[in-house]
Amino acid sequence: AIKISKQNPSIMYVATGGKHLGQGSGVFKSTDGGVTWTQLQSTITSFARGVVQELEVSPYNSNLLLAASFWDIKRSIDGGASWTNVLPNYRICDIEFLDSNANRVVAGSCDSQSATMYSSDGGQSWSASSGIPIQDRKIDLEFSRSSPGVVYALAGRKNGALADQLYKSTNYGASFSFVSNTN
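Every value quoted in this text rests on a predicted model; they were computed, and no experiment measured them.

## Brief notes about the nonpolar core
In globular proteins that are soluble, nonpolar side chains generally tend to be buried together.
Item 1. By size, the foremost hydrophobic cluster in this structure holds 15 residues, and its most contacted members are Leu66, Ile73, Ile92, Ile95, Ala107, Met117 and Trp126.
Item 2. Looking at this core, the elements with two or more residues in it are β6 (65-68), β8 (84-88), β9 (92-98) and β10 (101-109).
Item 3. With residues near it in sequence (within four places) discarded, Leu66 still touches Glu54, Leu55, Glu56, Ile73, Lys74, Arg75, Ile95, Phe97, Val105, Gly122, Gly123 and Trp126.
Item 4. Ranked by size, the runner-up nonpolar core spans twelve residues in total, among them Ala15, Val27, Leu40 and Leu55.

## Some remarks on the pairing of strand β15 (residues 165-169)
Item 1. Residue alternation in β15 divides its side chains into a buried set, Gln165, Tyr167 and Ser169, and an unburied set, Leu166 and Lys168.
Item 2. Sheet analysis places β15 next to strand β16 (residues 177-181), joined by four bridges and oriented antiparallel. By the bridge assignment for β16, Tyr167 is matched with Phe178.

## Brief notes about the environment of Asp32
Item 1. Topologically, Asp32 is positioned in the loop between β3 (27-30) and β4 (38-40).
Item 2. Residue classification places Asp32 among the partly exposed residues on the basis of a relative accessible area of 31%.
Item 3. Between the alpha carbons of Asp32 and Ser10 there is a distance of 4.9 Å; along the sequence they are 22 residues apart.
Item 4. Only 2.6 Å separates the side chain of Asp32 from the side chain of Thr36, close enough to count as a polar contact.

About the cut-offs
Residues numbered from 1 in each chain as written. Predicted model: local features only at pLDDT ≥ 70, side-chain atom pairs only at ≥ 80, totals over all residues. Heavy atoms only, no water. Core = buried A, V, L, I, M, F, W, Y, C linked by side-chain atoms within 4.5 Å. Buried < 20%, exposed > 50% of the residue type's maximum accessible area, 1.4 Å probe, protein only. Helix = DSSP H or I, 4+ residues; strand = E, 2+ residues; numbered from the N terminus. Contact = heavy atoms within 4.5 Å. Pairing = 2+ DSSP bridges. Polar contact = N/O pair within 3.5 Å; in protein donor to acceptor, adjacent residues only side chain to side chain.

Encoded structure:
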């Protein structure tokens, strides 16, 4: 994941590793628009084997980060210097902040053991969304830019047995309704 702060474009983060690689080098941070980079040592010690699958930067605070590792979401309020585990035992592949309200966050699962989650306090606490069946799915999420409370979810089967399915939430990701198959 490569993320650029919307608040300050000179601040950039690069997350390394992934579920297929099995190891990574944590997160690197630049405060000069990518000219120089510093490895955040906290991500080597806080994340299993340095793997950060997904990283998201708050649109209002370049120091507020949410990151997904193998089985949890961690939160940093100090630009990645330290991390708190805010959602253990969930395999998350996608995290999205709402641009117009940084307290609203959604997270999409990677497998049949995890649910799609939502937060209304900037990722400090999480609740499971309803309406998307938990199966062997990878769920990608996106807030609507024209209707802030609307979240779209693309739920795809990993093994390709079912067509991808599109879901829609009108309450910031608390519940979803089926829209259509995408194939």
